[in-house]
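Remarks on the overall topology
Here are the chains, one letter per residue:
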There are 2 protein chains.
Amino acid sequence: MDVKVGFVQTSPMLGEVEKNVESALLLASSKEADLLVFPELFNTGYLFLSKDDLAKVAEPIPNGPTTERLMKFASEHSVSVVAGIAERDGRAFYNSAVIISSDGDYVGKYRKLHLFSTEKLVFEPGNLGLQVFDLGKIRVGVMICFDWIFPEVARVLSLKGAHLIAHPANLVLPYAQTAMLARSIENRVFTITANRIGCEERGGKKLCFTGKSQITSPDMKVLTRASEDLMEVGVVSIDPREAENKNITELNNLWEDRRPKEYYILTR
Amino acid sequence: MDVKVGFVQTSPMLGEVEKNVESALLLASSKEADLLVFPELFNTGYLFLSKDDLAKVAEPIPNGPTTERLMKFASEHSVSVVAGIAERDGRAFYNSAVIISSDGDYVGKYRKLHLFSTEKLVFEPGNLGLQVFDLGKIRVGVMICFDWIFPEVARVLSLKGAHLIAHPANLVLPYAQTAMLARSIENRVFTITANRIGCEERGGKKLCFTGKSQITSPDMKVLTRASEDLMEVGVVSIDPREAENKNITELNNLWEDRRPKEYYILTR
C-alpha cells in the first residue's frame, strides 16, 4: 500500500500570516501527496519576544483562519496536513500543530511539550500529551522541533502505534537530522522533519534556520532530504505497514525485547 | 580535568581465550590511558551455537582467568578496564562485561539485558539491571552491543549519573555508530563503542563484524573512529565534567525539561 508523504520546506516572514500561508500552499500544491507536513509556526514566523507580539498573530485551533484555510486546501487536494501554528486559547499561547484529514476535517492538535529557549517566555508548555492520529491510510504521531532531543517522545508515539512521526520544526542547531535517523531505527518508524529556511533578526538576536528537511525510513535510510537554503517540497511513496514490523532479526522484536522494569527511573 | 579514555578494537579467534586476551592486552599496552574499553566477548569470540560450546570457555566473574588477567593488566598499567566476557554462573551463561579499577580491583559486572539473535539460545538475559560504576576520575555506565537500539538504556545510565557510556560491541548491523551520536547529544554524555573486526563462519552461518569503534562527545562530535578492518587502539583526552552540564541552551536543561508523566507508557 503506497502512501505519498512529504514535507513543505518554507521561508516564512515574521508576522505575515496570510502571505506565509498562501506561499506555503502554493508551494505545497506543486506536488501530489496523501500527507504533507509543514514547519513549526509556519504561518507566523518564529522570533516572538513578548506575549503582546504573539497575541497579534496567534489563533484559536480549530476556529482560526489558518486552520480553516488548511482545511480548505486539504479538501481541495485530498491531502492530510500536519502544520505548526501559533495557538491562542483564551489568554494562553501554545506552540501547536494542527492535524487535518484529506477530507478537510479537523482531526486534532498537539501542543509542544518541550519548549526551546525563549519560547518559554511566550508559550505555555503543552498540556495535551503525546498523541497518534489515525489519518486513514496512515497513523501519524506528532512532535514539534526540540521534542526530537527527548528520545521518550518518539518512543511513546511509536509505542502508541504511529507508523510515521510528523515533525514540524524550526531547527537552529545542527543535530536533529542525525538524531532523527536514530529515532527511525530504534522505533522502526518513518519520520518527516519539515524544517524552514531563512533567518530572523530582532531585538539584537539573530536566528538562522537550517533547512535540510528530510524523510527517514524504519531501516534508517534518508529517503529524501532538502537543501539548506531553498523552498522545497519533498514527497516519497512509502508503505506504512513496514513500520508495523518491529523485527530487527528473526529473533528480535523491538517491542517484545524491551525490559520496562529496568527502565523504571524514566517515569519517576 | 583530563581523562584519557579509549577503545581496543580487536579480532578474536573463536574459542582461543588465552591468545585473544594476550593479543588484546599487547595491543592495549601500546597507548597510555586511564580507561580502556574492550569489545563484547573479546576473550572468546562470538558465534556459539550451543551451551555445550559456550561451557568450554565461559568463566566465572570475578574468579575466572580472564578477569584475573585483566586485573593484573589494570594494576600494571594503572588503567581502568571495561571488557566483554562470556560469563558462567553455575549452570547459567551471561553475555557480561567486567569493570576493573585502575588499582586492579574488581568493581562489578553488567549482564547484557537485550540479547541479539541467536545469543538468546545460549545466554540468559541480564538480571543485574543498568548500573553506573564510579572509577574515581569518571563515572561509567555500561551497556553491551544490541542494548544500543533501546534508547532507554543510555537514558537510564545517564540519569543515574554516567559521564560516559562504555559500549563493548560485536556489531554486525550498520546502524549503531550513527545511533550512538544520538545517544551522546540526547543525554549529553561521552560514549565509547569498542567493536571488533573480522568474520566468523560456523554451522552454515557467517557473521562479519564492522569495526569503526568510536568515541563521541556530549555535543555529538566523533572524537575518533577506527577503521573497519584493522586492530587498533583509539584514545582521546576528555573532561568528564562536560557531561555534567546538561544545558543545551541557557534556558534548556535536558533533565529539568523532561516531562516524565507524559512518558508513563515507557515503564508499563
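Residues numbered from 1 in each chain as written. Chains lettered and ligands numbered in written order. Predicted model: local features only at pLDDT ≥ 70, side-chain atom pairs only at ≥ 80, totals over all residues. Heavy atoms only, no water.

1. Structural notes on the state of the cysteines
Residue and element names in this part refer to chain A. In plain terms, the rule: Any cysteine sulfur atom paired with another within 2.5 Å is treated as part of a disulfide. Buried means the residue's accessible area, taken with a 1.4 Å probe over protein chains only, is under 20% of the maximum for its type, while exposed means over 50%, and partly exposed covers the values in between.
One pass over the structure, following the stated rule, counts two disulfides over all chains. With its sulfur 2.0 Å from that of its partner, Cys-199 forms a disulfide with Cys-208. Here the disulfide of Cys-199 and Cys-208 is right-handed, its torsion about the S-S bond being about 105 degrees. On the basis of relative accessibility, which here comes to 43%, the residue Cys-199 falls in the partly exposed class. Judged by its relative accessible area of 37%, Cys-208 falls in the partly exposed class. You can see Cys-145 has no disulfide; the closest cysteine sulfur is in Cys-208, sitting 14 Å from it.

2. A few points about the nonpolar core
For clarity, the cut-off: Joining through side-chain atoms within 4.5 Å is the link that ties buried Ala, Val, Leu, Ile, Met, Phe, Trp, Tyr and Cys residues into a set, and such a set is a nonpolar core. Note on contacts: a residue pair qualifies if any of its non-hydrogen atoms lie within 4.5 Å across the two residues.
Within the largest apolar cluster, 182 residues are counted, with the highest numbers of intra-cluster contacts made by Phe-38, Trp-148 and Leu-164 of chain A together with Phe-38, Trp-148 and Leu-164 of chain B. Apart from the residues within four sequence positions on either side, Leu-164 of chain A is in contact with Val-5, Leu-35, Ile-138, Arg-139, Val-140, Gly-141, Phe-190, Ile-192 and Ile-238 of chain A.

3. Overview of the sheet that holds strand β5 (residues 106–111) of chain B
Residue and element names in this part refer to chain B. Counted only if it meets this: Strands are treated as partners if at least two bridges between them are detected by DSSP. Secondary structure elements follow DSSP: runs of H or I of four or more residues count as helices, runs of E of two or more count as strands, with numbering from the N terminus. Each axis is a line fitted through C-alpha atoms, taken for helices only over the stretch in contact, and angles between the N-to-C directions span 0 to 180 degrees.
An order of β5-β4-β3-β2-β1-β14 is seen for the six strands of this open sheet, with the pairing classed as mixed. Among the strands making up the open sheet, the edge pair consists of β5 and β14 (232–238). Between one strand and the next, the sheet's axes are offset by a mean angle of 30 degrees, whatever the strand orientation. One ladder, built from five bridges, connects strand β4 (residues 92–100) with β5; its direction is antiparallel.

4. Focus on helix α5 (residues 151–159) of chain A
Across the nine residues of α5 of chain A, eight count as buried, placing the element largely inside the fold. Here α5 of chain A has its buried residues at Pro-151, Glu-152, Val-153, Ala-154, Arg-155, Val-156, Leu-157 and Ser-158 of chain A. On the buried face of α5 of chain A, the contacting elements are β6 (132–134), β7 (139–142), β8 (164–168) and α6 (176–187) of chain A together with α5 (151–159) and α6 (176–187) of chain B. Taken from the residues just after α5 of chain A, Gly-161 of chain A is the one with a positive phi, measuring 105 degrees.

5. Regarding the interface of chain B and chain A
Test applied: Put simply, buried area is how much 1.4 Å-probe accessible surface two parts lose in total, over both of them, once they are put together. One side-chain nitrogen of Lys or Arg within 4 Å of one carboxyl oxygen of Asp or Glu is enough to make a salt bridge.
The interface of chain B with chain A comprises 48 residues on the first partner and 48 residues on the second. Buried area between chain B and chain A, both sides added, is near 4,500 Å², and the carbon and sulfur share of it is 68%. The tally of links between chain B and chain A comes to eight salt bridges. Between Lys-120 of chain B and Asp-257 of chain A there is a salt bridge, with the nearest N and O atoms lying 2.7 Å from each other.

6. Concerning the packing of aromatic side chains
Residue and element names in this part refer to chain A. Put simply, the rule is: In summary, the pairing rule links any two rings of Phe, Tyr or Trp, Trp by its six-membered ring, whose centres are within 6.5 Å, and it sorts them by plane angle into stacked for under 30 degrees, edge-to-face for over 60 and tilted for everything else. For a ring to carry a charge above it, either NZ of a lysine or CZ of an arginine must fall within 6 Å of the ring centroid while also lying within 35 degrees of the normal to the ring plane.
Under the criterion given, the structure shown has eight aromatic pairs over all chains. Relative to Phe-150, the ring of Phe-146 has its centre 5.5 Å away and its plane inclined at 90 degrees; by these criteria the two rings are edge-to-face. Across the pair, exposure class does not vary: Phe-146 and Phe-150 are buried alike. Each member of the aromatic cluster is reached from another via a ring pair, and the members are Phe-116, Phe-146 and Phe-150. Sitting over the ring of Tyr-94, Arg-111 keeps its end group 3.8 Å from the ring centre.

7. A word on unusual backbone geometry
Residue and element names in this part refer to chain A. That bond from Ile-61 to Pro-62 is cis: its omega, 10 degrees, falls within 30 degrees of zero. Its location among the elements puts Pro-62 in the loop between α2 (51–55) and α3 (65–77). A positive phi is found at Arg-188, a non-glycine position, where the angle reads about 50 degrees. Among the secondary structure elements, Arg-188 is positioned in the loop between α6 and β9 (190–194).

8. Things to note about the side chain of Glu-186 of chain A
Heads up, the condition is: Two N or O atoms count as a polar contact when they lie within 3.5 Å, although within protein this holds only if one can serve as hydrogen donor and the other as acceptor, and sequence-adjacent residues are included solely when both atoms are side-chain atoms.
One can find Glu-186 of chain A in helix α6. Within polar-contact distance, the side chain of Glu-186 of chain A engages the side chain of Arg-183 of chain B at 2.8 Å. When sequence neighbours within four positions are dropped, the list of residues in contact with Glu-186 of chain A reads Pro-151, Arg-155, Leu-254 and Trp-255 of chain A together with Ile-149, Pro-151 and Arg-183 of chain B.

9. Some thoughts on the relation of the copies chain B and chain A
The test is simple: A least-squares superposition brings the copies together, and it is based on the C-alpha atoms of residues with pLDDT no lower than 70 in both.
Each copy superposes on the other: chain B lies on chain A with an RMSD of 0.0 Å after a rotation of 180 degrees and an axial shift of 0.0 Å. The relationship between the two copies is best expressed as a two-fold rotation axis.

10. Some points on helix α3 (residues 65–77) of chain B
Residues and elements named next belong to chain B. The test is simple: Expected helix span is computed as 1.5 Å times (number of residues minus one). Arc, as used here, means the arc of the directions from the helix axis to the C-beta atoms.
Between its first and last C-alpha atoms α3 spans 18 Å; for 13 residues at 1.5 Å apiece the expected length is 18 Å, and the two agree. The set of residues buried in α3 consists of Thr-66, Thr-67, Leu-70, Phe-73 and Ala-74. All buried residues of α3 project into a common sector of 120 degrees when viewed along the axis, lining one side. For α3, the exposed residues lying more than 90 degrees away from the buried face are Pro-65 and Glu-76. Close packing links the buried residues of α3 with α1 (17–28), β3 (80–89), β4 and β5. Looking one or two residues beyond α3, the residue adopting positive phi is Ser-78, at roughly 50 degrees.

11. Some thoughts on the pattern of salt bridges
If the charged atoms of two oppositely charged side chains come close together, the side chains can form a pair. Residues and elements named next belong to chain A. For the coordinates displayed, the defined rule picks out 41 salt bridges over all chains. Lys-72 is the salt-bridge partner of Glu-76, the closest N and O atoms lying 3.3 Å from each other. Separated by four residues within a single helix, Glu-76 and Lys-72 lie in helix α3, roughly one turn from each other. We classify Lys-72 as partly exposed; its relative accessible area is 46%. Lys-112 serves as the salt-bridge partner of Glu-119, at 2.8 Å between the closest nitrogen and oxygen. Here Glu-119 falls in the buried class, since its relative accessible area comes to 4%. For Lys-112, a relative accessible area of 1% translates into the label buried. Each of Glu-87, Asp-89, Lys-109 and Arg-111 takes part in one network of salt bridges that share partners.

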